[in-house]
Amino acid sequence: LLQKWVVREISNFEYLMQLNTIAGRTYNDLSQYPVFPWILRDYVSETLDLTDPSVFRDLSKPIGVANERHARDVKEKYESFEDPTGTVDKFHYGTHYSNAAGVMHYLIRTEPFTTLHIQLQSGRFDCSDRQFHSVPAAWQARMENPVDVKELIPEFFYFPEFLENQNGFDLGCLQLSNEQVGDVVLPRWARSREDFIYQHRKALESEYVSAHLHEWIDLIFGYKQRGPAAVEALNVFYYCTYEGAVDLDAIADETQRKALEGIISNFGQTPCQL
């Protein structure tokens, strides 16, 4: 597979899908949904110039420190963390880049995810300001908030329908502008939903991303996923998210085991290390 990718017999999209599958990710499990990277950082220009490296995100850094300013805080948090019980290892991020709530967040306008989202939010839609209402605003949130480390899902590269409120759901109004949340607001360079998907996919297959995609793969699936390399890359997540970190069978206390199972299924899972 690697060889095929290197000689460009398969696309970046296909390579990422295959790696996700090998690492145990599947469309059939929201807590192990395929994970894709944010690849652009320019959502405000009138046109998107894919020959300009500055429009792309730095793929060698986890999304939590895509904004340089957060790196110091993230590092300090890790270094100063201590668990008196000794069960929780140090971590950089208390949230995860891929979890069930995140998938429902992006796909809120599409069934069955709408219903699942409403169930998760105890029978109603989440507060409008927290919903996925705009692509530029979602990227801005990654820039301003080191706690929001959601990466993307494959739909961003092939499925324009998820950006449209086809079913006319009442998603409420934004607090600041009092604007009704309907279709997802697109970057200025996208003329339509289809155009957004087309250009976004083109960006994924661009020369820049082809040359740097392996850096992101190292963080998510490869050697920077855990151990000293992960610490150095500011890429350590809460211990429960790693495969084999918790031996559920060894926990005799039913309540404690249920609680841990809940954390594992809702919190997000790091893919199997390849």
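Our subject is the structure that appears above.
Residues numbered from 1 in each chain as written. Predicted model: local features only at pLDDT ≥ 70, side-chain atom pairs only at ≥ 80, totals over all residues. Heavy atoms only, no water.

Asks: Lay out the packing of aromatic side chains in plain terms, naming residues and giving numbers.
Replies: Here the structure, examined in full by the defined rule, presents 27 aromatic pairs. Measuring from centroid to centroid gives 5.5 Å for Phe36 and Phe157, while their planes differ by 40°, and the two rings are tilted. Of the two residues, Phe36 sits in the loop between helix 2 (12–22) and helix 3 (70–80) while Phe157 sits in the loop between helix 6 (135–144) and helix 7 (193–204), which places them 121 residues apart along the sequence. Taken together, a centroid distance of 6.4 Å and an interplanar angle of 15° make the contact between Phe132 and Phe162 stacked. Of the two residues, Phe132 is situated in the loop between helix 5 (113–120) and helix 6 and Phe162 in the loop between helix 6 and helix 7; the sequence distance between them amounts to 30 residues. We note that Phe132, like Phe162, is buried. We note Lys90 situated over the ring of Tyr78; from NZ or CZ to the ring centre the distance is 5.9 Å. A cation sits over an aromatic face here: Arg201 above Phe13, 4.2 Å from the ring centre. (Phe/Tyr/Trp six-rings, centres within 6.5 Å; stacked < 30°, edge-to-face > 60°. Helix = DSSP H or I, 4+ residues; strand = E, 2+ residues; numbered from the N terminus. Buried < 20%, exposed > 50% of the residue type's maximum accessible area, 1.4 Å probe, protein only. Lys NZ or Arg CZ within 6 Å of the ring centre and 35° of its normal.)

Asks: With reference to specific residues and values, describe empty space enclosed by the protein.
Replies: One pass over the structure, following the stated rule, counts two cavities of 30 Å³ or more. A volume near 60 Å³ is recorded for the largest cavity. Grouping the amino acids of the lining of the largest cavity by side-chain chemistry returns eight nonpolar, three polar and two charged. Roughly 40 Å³ of volume is contained in the second largest cavity. Every residue along the wall of the second largest cavity is listed here: Pro62, Ile63, Tyr97, Glu151, Leu219, Ile220, Asn235 and Phe237. Here the lining of the second largest cavity is built from residues that sort into six nonpolar, one polar and one charged. (1 Å grid on protein atoms, 1.4 Å probe; cavity = no way out; pocket = protein on both sides within 12 Å on 5 of 7 lines; lining within 4 Å. Points joined across faces, edges and corners; volume = space filled by probe spheres on them. Nonpolar A, V, L, I, M, F, W, Y, C, P; charged D, E, K, R; others polar.)

These values are about where atoms sit, not about what they do.
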